Amino acid sequence: MFRSLTAILLLSLCLISSAFAEQKQKVGNYDIHYVALSSTFLTPSIAKSYGIKRSSYTGILNISVLDTSVEGNPAVAIEITGIANNLLDARVELKFREIREGDSIYYIAEVPYRDDQEINFNIALKHGSKLNTQLKFKQKFYVE
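Here the structure is a predicted model, which means the values were calculated and not measured.

Bringing unusual backbone geometry into the picture now. Of note in the backbone geometry, N73 takes a positive phi value of approximately 50° without being a glycine. Here N73 lies in the loop between β3 (58–67) and β4 (79–86).

What follows covers the side chain of S39. Among the secondary structure elements, S39 is positioned in the loop between β2 (30–38) and α2 (44–49). When its relative accessible area of 0% is taken as the criterion, S39 is described as buried. Polar side-chain contacts of S39 include one of 3.1 Å to the backbone oxygen of K53.

Next up on the list: the packing of aromatic side chains. For the structure shown, the criterion picks out 3 aromatic pairs. Ring centres 4.4 Å apart and planes at 20° place the aromatic pair Y113 and F141 in the stacked group. Of this pair, Y113 sits in the loop between β7 (104–112) and β8 (117–127) while F141 is found in strand β9 (residues 131–141), placing the two residues 28 residues apart along the sequence. Of the two residues examined, Y113 and F141, each falls in the buried class. Centroid distance F121 to F137: 4.8 Å. Interplanar angle 20°. Geometry classified as stacked. Residue F121 is located in strand β8, and its partner F137 is located in strand β9; the two are separated by 16 residues in the primary sequence. Since its relative accessible area comes to 9%, F137 is described here as buried. Put simply, the rings of Y34, F121 and F137 pair up and form one aromatic cluster.

Moving on to the environment of T68. Take T68: it is sitting in the loop between β3 and β4. Residue T68 is classed as partly exposed on the basis of its relative accessible area of 26%. Between the C-alpha atoms of T68 and N29, which are 39 residues apart in sequence, the distance is 5.2 Å. Those residues in contact with T68 that sit more than four places away from it in its chain are K26, N29, Y30, D31 and N73.

For the rest of this paragraph, the subject is the pattern of salt bridges. Opposite charge on two side chains permits them to pair, given that their charged atoms come into close proximity. Taken as a whole and assessed by the stated rule, the structure comprises 5 salt bridges. Here K24 ties to D31 by a salt bridge, and the two come within 3.7 Å at their closest N and O atoms. For K24, a relative accessible area of 36% gives the class partly exposed. Residue classification places D31 among the buried positions, given a relative accessible area of 10%.

Taken as a whole, the protein chain shows an average pLDDT of 86; of its residues, 85% reach a score of 70 or greater. In the model, residues 13–20 has pLDDT below 50 throughout and makes 9 contacts with residues more than four positions away in sequence or in other chains.

Scoring rules and cut-offs
Residues numbered from 1 in each chain as written. Predicted model: local features only at pLDDT ≥ 70, side-chain atom pairs only at ≥ 80, totals over all residues. Heavy atoms only, no water. Helix = DSSP H or I, 4+ residues; strand = E, 2+ residues; numbered from the N terminus. Buried < 20%, exposed > 50% of the residue type's maximum accessible area, 1.4 Å probe, protein only. Polar contact = N/O pair within 3.5 Å; in protein donor to acceptor, adjacent residues only side chain to side chain. Phe/Tyr/Trp six-rings, centres within 6.5 Å; stacked < 30°, edge-to-face > 60°. Contact = heavy atoms within 4.5 Å. Salt bridge = Lys/Arg side-chain N within 4 Å of Asp/Glu carboxyl O. pLDDT = per-residue confidence, 0-100.

Structure representation (C-alpha cells):
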C-alpha cells in the first residue's frame, strides 16, 4: 500500500512538475519538495487505506525534505505545521501526518477547497537546529 501511495504521489508530482516546473525550494543543505493536488488523483483503495477523504473538494498537500549534504540525499524527519487560507482569508490549520516507507518520509495534509479557488499555503518546517524555515506558495484548485 505504501508503495502505491508513493508511486501515485510521485507520478502526480512528475505530471505537475512537467506542466508547471518543479516545486522545490532549496534551503541550505536541504531540498524541500512539495505538491498540492486534488485527492481524486488517488485511487479509492489508496485513499481508503490512508484514511484520506477522496473528493473533488479536498486537496492533498505532500511535503518531503531531503538532506543534500549526505550521499544519496536521504529524507529527514521534520517538525511541520501550517495554515491554508483562501482569498477571503478563511483559514484552515493543516494537520500533517507522517508517512514512512523504507527510507522515504512524507508529510501529508488535507485541505478543503471550492471550484476555481486559489489557496495560499504557509508552512513552518524545522529539523533540529539545522533547518528552521517557512515555505509559502499558492495553488489553484478546480473541481473535476
